Amino acid sequence: MRAPSTINRLFPELEQIEAIIQESNATSLTSRALCWVPCGDDLLPVYALTLGNRDPGVPCVTYVAGVHGLERIGTQVVIAYLEGLLERLKWDRIFADILQRVRINFLPIVNPAGMLNNTRANSQGVDLMRNAPLDSHEKTILLAGGHRISPVLPWYRGKRNEPMQLEAQALCDFIAQEVFPAPFSLVLDCHSGFGFRNQIWFPYARSRLEPIKHLKEVCYLRNLFMQTYPHQDYLFEPQSQHYLVHGDLWDYLYLQSLENGSTFLPLTLEMGSWRWIRKNPLQLRQLLGLYHPIKPHRLNRVLRSHLILMEFLLHATLSYQNWLDRSDAKQLEQQALALWYP
């Protein structure tokens, strides 16, 4: 079953994904619709695409985007990276060898109805990143931390005790089935719209007081990135440094992963869209302007500027055995606590 062609013409990102699926060699890229989301009289697919070794025993990296429908730039960044990898696969023998030892997943549009309708929430008015059955026991930011008042207001979590939304459940099921079995896995969830700097966040979004169990591993990953690319401008820290929320999907999935015994590190890329607004204030005349670079040269710059991070995460996943357990755990934990939980 496919999305209607009339929808595709209004939805270039979905059209681009389906073109990739059609044109790619079936032996190199596999794809499936995790669910079909109602949008008016139509159904829209949530696609998952996979490159590499499907053996559950290999490490796994997953690139996610489009959880919030207004943040199209995240989807475009993930698609650009996927297209680059597929081009490399045509001629790069080293990359072909890499794919024998790692699995790469792409979920470029988790919230297709929200993206088509230019809304943060899905077609039911639910903010998917507030939809997990998980509450913060600390004070969250008013409304934006997630609420159950009404879908008319932004950041609506959905009704209490109701099942998760189709899109959120599809994402969680995919991570549980395809990612958790890996001995080591990383996720990068691409968002935009917060701050002047590009930021990399890790759980928890629910607590300022409780560090995650894999704090030292995240700290070492940060150190590797900073040492390998000392001229990058990312701020790498827990999301709780900025605000707390209820129902965060990555908090929920991280807590589930602890029951498996494998290492699962979910990261969120928060692209600093305020810089685009500062350089082009007139883009605020458009709803998309708060979350998306409007000028073509600035859009191209964003599409290429995060490739280093995405490539680093791929190689860190592939080579996890070379760094994950070869560090001074006590020293790293002290460093992380001093850096993020003074």
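Residues numbered from 1 in each chain as written. Predicted model: local features only at pLDDT ≥ 70, side-chain atom pairs only at ≥ 80, totals over all residues. Heavy atoms only, no water.

A. Expanded view of the overall build of the chain. Counting its secondary structure elements, the chain contains 12 helices and 8 strands. Scaling as 2.2 N^0.38, a compact globule of 342 residues should have a C-alpha radius of gyration of about 20 Å, and the chain matches this with 19 Å. The principal-axis extents of the C-alpha atoms in the chain amount to approximately 55 × 50 × 45 Å. Residues counted as buried form 58% of the 342 residues belonging to the chain. In the chain, the proportion of contacts linking residues at least 24 apart, taken out of those at least 6 apart, comes to 80%. (Helix = DSSP H or I, 4+ residues; strand = E, 2+ residues; numbered from the N terminus. Rg over C-alpha atoms; globule rule 2.2 N^0.38 Å. Buried < 20%, exposed > 50% of the residue type's maximum accessible area, 1.4 Å probe, protein only. Contact = heavy atoms within 4.5 Å.)

B. Main features of unusual backbone geometry. Of the consecutive residues P203 and Y204, the connecting peptide bond is found in the cis state with omega at 15°. Unusually for a residue other than glycine, N118 sits at a positive phi of about 55°. Counting through the fold element by element, N118 comes out in the loop between α5 (112–117) and α6 (166–179). Of the residues examined, N118 reaches a relative accessible area of 35% and is grouped as partly exposed. We note that W155 has phi near 70°; this positive angle belongs to a residue other than glycine. Inspection of the secondary structure assignment puts W155 in the loop between α5 and α6. Overall, the relative accessible area of 27% leaves W155 in the partly exposed class.

C. Representation of the packing of aromatic side chains in the model. Under the definition given, this model contains 15 aromatic pairs. Seen from their ring centres, F184 and W323 are 5.6 Å apart, and the 85° between their planes marks the pair as edge-to-face. In this pair, F184 sits in strand β5 (residues 184–192) while W323 sits in the loop between α11 (307–318) and α12 (329–340), placing the two residues 139 residues apart along the sequence. For W323, a relative accessible area of 5% gives the class buried. Centroid distance W201 to Y243: 5.8 Å. Interplanar angle 85°. Geometry classified as edge-to-face. One end of the pair, W201, is in strand β6 (residues 199–202); the other, Y243, is in the loop between β7 (235–238) and α8 (249–257), and 42 residues separate them in sequence. Residue classification places W201 among the buried residues on the basis of a relative accessible area of 2%. Pairwise contacts between aromatic rings join F184, Y220, Y320 and W323 into one cluster. Positioned above the aromatic ring of F95 is the side chain of R88, whose terminal nitrogen or guanidinium carbon lies 4.6 Å from the ring centre. (Phe/Tyr/Trp six-rings, centres within 6.5 Å; stacked < 30°, edge-to-face > 60°. Lys NZ or Arg CZ within 6 Å of the ring centre and 35° of its normal.)

D. Summary view of a nonpolar patch on the surface. A cluster of nonpolar side chains, contributed by L142, L143, I149 and L153, occupies part of the molecular surface with about 390 Å² of accessible area. With respect to the secondary-structure elements, L153 resides in the loop between α5 and α6. L153 sits in the partly exposed class, given a relative accessible area of 31%. (Patch = residues over 30% accessible without salt bridge, like charges linked within 9 Å, V, L, I, M, F, W, Y side chains within 5 Å. Areas by Shrake-Rupley, 256 points an atom, 1.4 Å probe, with all protein chains shown as cover. Salt bridge = Lys/Arg side-chain N within 4 Å of Asp/Glu carboxyl O.)

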